[in-house]
Each structure stands twice: as structure tokens, then as C-alpha cells.
Amino acid sequence: MTSSASTSLARPITAGIVTALVGVTSSFAVVLTGLAAAGATPAQAASGLLALCLTMGLASIVLAWRYRMPITVAWSTPGAALLAATGVVEGGWPAAVGAFLAVAGMILLTAAWPSLGRLIARIPPSIAQAMLAGVLLPLCLAPVGALVADPWAVAPVILTWLVFVRFAPRWAVPLAFVAASIVVTVHLARTGEALAVASLIPSIELTMPTFTWGAMIGIALPLFLVTMASQNVPGVAIMRSFSYDVPWRPSMLVTGLGTALSAPAGGHAINLAAISAALAAAPDADPDPRRRWVAGVSTGVSAIVLGALSAAFVALVVLAPEGVIPAVAGIALFAAFGSAIQQAIDDAGERLPAVVTFVVAASGVAIAGVSAAFWALVAGLIVRFVMHAGRRRPIS
């Protein structure tokens, strides 16, 4: 390879590394919070994080290499937030793993049966986004409560985020995580707690799945809908804005298989990247759009490498002062929450059903063992049907 060729590839390779770093460090706390809330032990959560890094990395490499596009795959951050809001369902962690497998099956069914994708598209975006906003609200409130409870530990995290939101928005959340790491280090020095080296070694811990009605309705269905509506569909749209026509069926096939492979190890779902997709697909990654696929491959390789830190991330969460990691998770979701709220209430004619959906989802109330996210969709659709019954108005 000539020196000029190496130089030309350095830019998309660097863009891919940045994409993976920003994606992983800005939302791993949300993923770990969700897995723990669903019943995972620290070892199972570390296994899930590792499995997600490996499968989304491999999926990015396969899709970018095969189609010569900067296609990147990420874990479902809104899906992890949904897990955090739902909590433990009947059957515990094995039932959650069964729900993850069901999500994989539904993603694969979307690839095989296009009508399912069209059916999902018929769910009004305002209601889907209102459900997501309701799910995200409790997590977004966590930094406020944590700041009041332990200002000395949480204030440095929030101040770091605030400063870099102004000067380097892309790095605001990753640097808030760095601030949290420093807080944890100081805490360990003060308390004298020792960090076992063995706890930093990543490993896969498999769980035998079980299938329960509550997990299928309370986790699998909302997780699938959130992943499709908040990640896959916007991901395709963002790539199209950069003149890349993402192959839908192959993408769903690869991400569905990746989700199926990671599920027994604790991974909840992988999908097409949405917000972070622009980091690899934009002109900043390379002026020549024909070379940007290298950024997609680089993103995948970097995600796999970052998977080696999965156990260290979990150790950081376990040892952190109470409130520090929830604060990082909360500020990581501020942008997603704001976007969901805006889309939910943007159409005045859809506002009332969206508000009902939001309120029910934010309530966290489970009925018959089924999470609030599902009942929020039901409530919003009922209100919408009553409001528009008899009118000649398209359903979406």
C-alpha cells in the first residue's frame, strides 16, 4: 500500500474508531442499568455487554464490507432504557433472555415478511415516540435525585457534561463518563476498597432461556417496537440523507441473527445505528463517499476491541458511589428524550393520545405482570381510535 493510500484510509479508519468510542462510552451505563434491572447479576450483565460488542462489531464489518457502505450497527439504547423501566418480570432473568430471543425472531420475521414491517409502520409515530419518552423519563430524572443525594460525587459528572455540551457536544457524555471514573477512583482511594484483577477479565455467561407470557408482552413486544421505531427506521433515513440506500432485508437478517447469538449471553438487541450513524457516513469521515465504508469496518473492529473492557465497565458500576452511574445514564438519554417528546407532540391532532401514552408509560405501573410500556401503547391507540372514529383520516 502506498503512502498516499495509507493517508487516505487513515481518515475513515479514525472516524470509525471515534464512532465506536462515542457509541459505547456514551451509553454503556444505560445498557448495564437495563440488564441489571431485568434481573442480571453483575457477571451476567458483563457477559451481555461483551456479547453485544462482539455481535454489533461483527455485524458492522459484514454489512459495511459486503455492501461497500458505512453501515454501522449498535446496541438498542432505547431498548435498554425500556428494560430499566420494566424491571424484573415473572420468571426473572431467564424469562428476559427468552424475550431477547423472541425479539431476534421478530427481527428475522421482518426480514422474511415485509408485511410485518409495513404493519409496524402503521403505528402512529407520535404514539411510539410518546411511549419511548415515558420510558426514558424516570432515567432522565435520576441525575437530579442523585445530585441532591450526593452532590460531591455527582456534581463533577454533571459539570463536565455541561461544559462539553457547549464546546464539544459529541464528547460531552463520554467525558462525563471519564469524570465518573475519576470520582470512582477517588472513592476507592478514600475507602480503601480493593479491585480484584480477576473481575476485569471479560467472559461469556450463558443463560438457559424460559418463555413466559409476561416477558413476551411486557418485554419482547415493546423492545421490538422501540428498536424498530427508534433505531432501525431512523437509521435507514439518516443513511439515506447521505445518499446511501441501506439494504433492508440483509440488514434485518444480520441484526436478527446477531441478536439471536447474543441473547443467551445476555445481549438484549442490536440494530442499525441511528444518531451515531452520521459519524461514519458524513463527509467528515472521508470526502469520497466511495471510501466511507472503511469507517463502517473500523467501527466494527473497534467495537469488538472495546468488548474487552466489558468486565471493567461493570466493575466500575459496582464500585461507584450510589447515584454516579445513574447520573451518567440519565444525561446520556437527555437528547433521546427531547427528540421523543418533540416528535410525540409535534402534531396537534395527535397530541392527546400521545400525552395519554406518555403518562401511562411514565407511571411504571404493571398490570397482570405486563409492563407499563405495553399498556401505554394500548391506551394511546384506544384514545386515538375514539377521537378519530368515523373520520376519514389515515391511521399513520
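Please read these numbers as outputs of a predicted model, since none were measured by experiment.

**Describing the overall build of the protein**
Of the regular secondary structure elements, the protein holds 17 helices and 2 strands. Expressed along its principal axes, the backbone C-alpha trace of the protein runs to roughly 65 × 55 × 45 Å. For the protein, buried positions account for 52% of its 396 residues. Partitioning the intrachain contacts of the protein with sequence separation of at least 6 by distance along the chain shows that 83% fall at a separation of at least 24. Element-wise, carbon and sulfur atoms account for 71% of the exposed surface of the protein, whose accessible area totals about 16800 Å². Treating the 18 positive side-chain charges of the protein as one cloud and the 12 negative ones as another, the clouds have centres 14 Å apart.

**What about the packing of aromatic side chains?**
Within the structure shown, the criterion is met by 7 aromatic pairs. Geometrically, the ring pair formed by Phe28 and Phe177 is edge-to-face, given 4.9 Å between the ring centres and 80 degrees between the ring planes. Here Phe28, found in helix 1 (residues 3–37), pairs with Phe177, found in helix 8 (residues 172–191); they are 149 residues apart in sequence, far enough to count as distant. Overall, Phe28 belongs to the buried group, its relative accessible area being 0%. Residue class for Phe177 comes out buried when judged on its relative accessible area of 11%. One aromatic cluster is present, built from ring pairs that chain together Phe28, Phe177 and Phe313. Directly above the aromatic system of Trp65 lies the positively charged group of Arg68, at a separation of 5.2 Å from the ring centroid. Positioned above the aromatic ring of Trp293, the side-chain terminus of Arg68 is 4.1 Å from the ring centre.

**Brief notes about the pattern of salt bridges**
Summed over all chains, the structure comprises 4 salt bridges. One salt bridge connects Asp286 with Arg291, and the closest N-O pair in it is separated by 3.0 Å. The class of Arg291 is partly exposed, set by a relative accessible area of 29%. A salt bridge links Glu350 to Arg384; the nearest nitrogen and oxygen atoms lie 2.8 Å apart. Linking Glu350 in the loop between helix 15 (334–345) and helix 16 (351–363) with Arg384 in helix 17 (residues 372–388), this pair joins segments that are 34 residues apart in sequence. Accessibility expressed as a relative area gives 6% for Glu350, which makes it buried. Taking the relative accessible area as the measure of exposure, Arg384 reaches 8% and is therefore buried. The network of salt bridges with common partners includes Asp286, Asp288, Arg290 and Arg291.

**With respect to the nonpolar core**
Counting residues in hydrophobic clusters, the biggest one holds 102 residues, and the most contacted among them are Trp75, Phe100 and Val324. A total of 10 residues in this core trace back to one element, the largest contributor, which is helix 9 (residues 213–241).

**Details of the confidence of the model for the protein**
Considering every residue of the protein, the mean pLDDT works out to 89; 95% of them sit at 70 or more. Looking over the protein, one finds the lowest element-wise mean pLDDT in helix 5 (residues 114–121), namely 72, and the highest in helix 2 (residues 42–67), namely 97.

**Here we look at helix 9**
If you check helix 9, its first and last C-alpha atoms are 40 Å apart, about what 29 residues at 1.5 Å a residue would give, namely 42 Å. Its axis deflected by about 35 degrees at Met228, helix 9 carries its strongest bend there. The positive-phi residue at the C-terminal boundary of helix 9 is Ser243, with phi of around 70 degrees.

**Considerations on the layout of surface pockets**
In this structure, the largest pocket occupies an estimated 1000 Å³ of space. Considering the residues around the largest pocket, the lining is formed by 47 residues, among which Ser26, Ile275, Ser276, Ala332 and Ala336 are closest to the centre.

**Focus on the side chain of Thr207**
Mapped onto the elements, Thr207 comes out in the loop between helix 8 and helix 9. In terms of polar contacts, Thr207 uses its side chain to reach the side chain of Trp93, at 3.2 Å.

**Here's the deal with empty space enclosed by the protein**
Summed over all chains, the structure comprises 1 cavity of 30 Å³ or more. Taken as a whole, the largest cavity holds about 30 Å³ of empty space. Along the walls of the largest cavity sit Ile71, Thr72, Gly235, Met239, Val246, Leu272, Ala273 and Ala277, which together make up its complete lining. Considering only residue class, the lining of the largest cavity consists of 6 nonpolar, 2 polar and no charged.

**Describing the packing of helix 7 (residues 151–167) against helix 8**
Packed helices, taken two at a time, are described by their axes: the angle between them and the distance between them. Put simply, helix 7 and helix 8 touch, their axes get as near as 8 Å, and they point 155 degrees apart. Taken together, the axes of helix 7 and helix 8 lie roughly antiparallel to each other. The element helix 7 and its partner helix 8 pack so that their crossing is right-handed. Of the residues in helix 8, those touching helix 7 at Ala153, Pro156, Val157, Thr160, Trp161, Phe164 and Val165 are Ala172, Val173, Leu175, Ala176, Ala179, Ala180 and Val183.

**Focus: the side chain of Ser47**
Mapped onto the elements, Ser47 comes out in helix 2. Here Ala265 takes part through its backbone oxygen, which lies 2.7 Å from a polar atom of the side chain of Ser47. Residues within four places of Ser47 in sequence aside, it is in contact with Ser203, Ile204, Glu205 and Ala265.

**So, the environment of Leu63**
Its place among the elements puts Leu63 in helix 2. With 247 residues separating them along the chain, Leu63 and Ser310 place their C-alpha atoms 24 Å apart. With residues up to four places along the chain from it excluded, the contact list for Leu63 reads Arg68, Ile71, Val73, Pro250, Ser251 and Val254.

**Observations regarding the environment of Asn271**
Structurally, Asn271 can be placed in strand 2 (residues 270–272). Spatially, the C-alpha atom of Asn271 lies 17 Å from that of Leu35, the residues being 236 residues apart in sequence. If sequence neighbours within four positions are ignored, Asn271 has contacts with Thr72, Val73, Ala74, Trp75, Ser76, Thr227, Gln231, Asn232 and Thr255. Of the polar contacts made by the side chain of Asn271, one reaches the backbone nitrogen of Ser76; its length is 3.5 Å.

Criteria and cut-off values
Residues numbered from 1 in each chain as written. Predicted model: local features only at pLDDT ≥ 70, side-chain atom pairs only at ≥ 80, totals over all residues. Heavy atoms only, no water. Helix = DSSP H or I, 4+ residues; strand = E, 2+ residues; numbered from the N terminus. Buried < 20%, exposed > 50% of the residue type's maximum accessible area, 1.4 Å probe, protein only. Contact = heavy atoms within 4.5 Å. Areas by Shrake-Rupley, 256 points an atom, 1.4 Å probe, with all protein chains shown as cover. Lys, Arg positive; Asp, Glu negative; His and termini not counted. Charge placed at Lys NZ, Arg CZ, Asp CG, Glu CD. Phe/Tyr/Trp six-rings, centres within 6.5 Å; stacked < 30°, edge-to-face > 60°. Lys NZ or Arg CZ within 6 Å of the ring centre and 35° of its normal. Salt bridge = Lys/Arg side-chain N within 4 Å of Asp/Glu carboxyl O. Core = buried A, V, L, I, M, F, W, Y, C linked by side-chain atoms within 4.5 Å. pLDDT = per-residue confidence, 0-100. Expected span 1.5 Å × (residues − 1). Bend = angle between axes of the 7 residues up to and from the residue. 1 Å grid on protein atoms, 1.4 Å probe; cavity = no way out; pocket = protein on both sides within 12 Å on 5 of 7 lines; lining within 4 Å. Points joined across faces, edges and corners; volume = space filled by probe spheres on them. Polar contact = N/O pair within 3.5 Å; in protein donor to acceptor, adjacent residues only side chain to side chain. Nonpolar A, V, L, I, M, F, W, Y, C, P; charged D, E, K, R; others polar. Axes fitted to C-alpha atoms, helices over the stretch in contact; angles between N-to-C directions. Parallel < 35°, antiparallel > 145°, perpendicular 65-115°, else oblique. Left-handed = near helix turned anticlockwise from the far one by under 90°.

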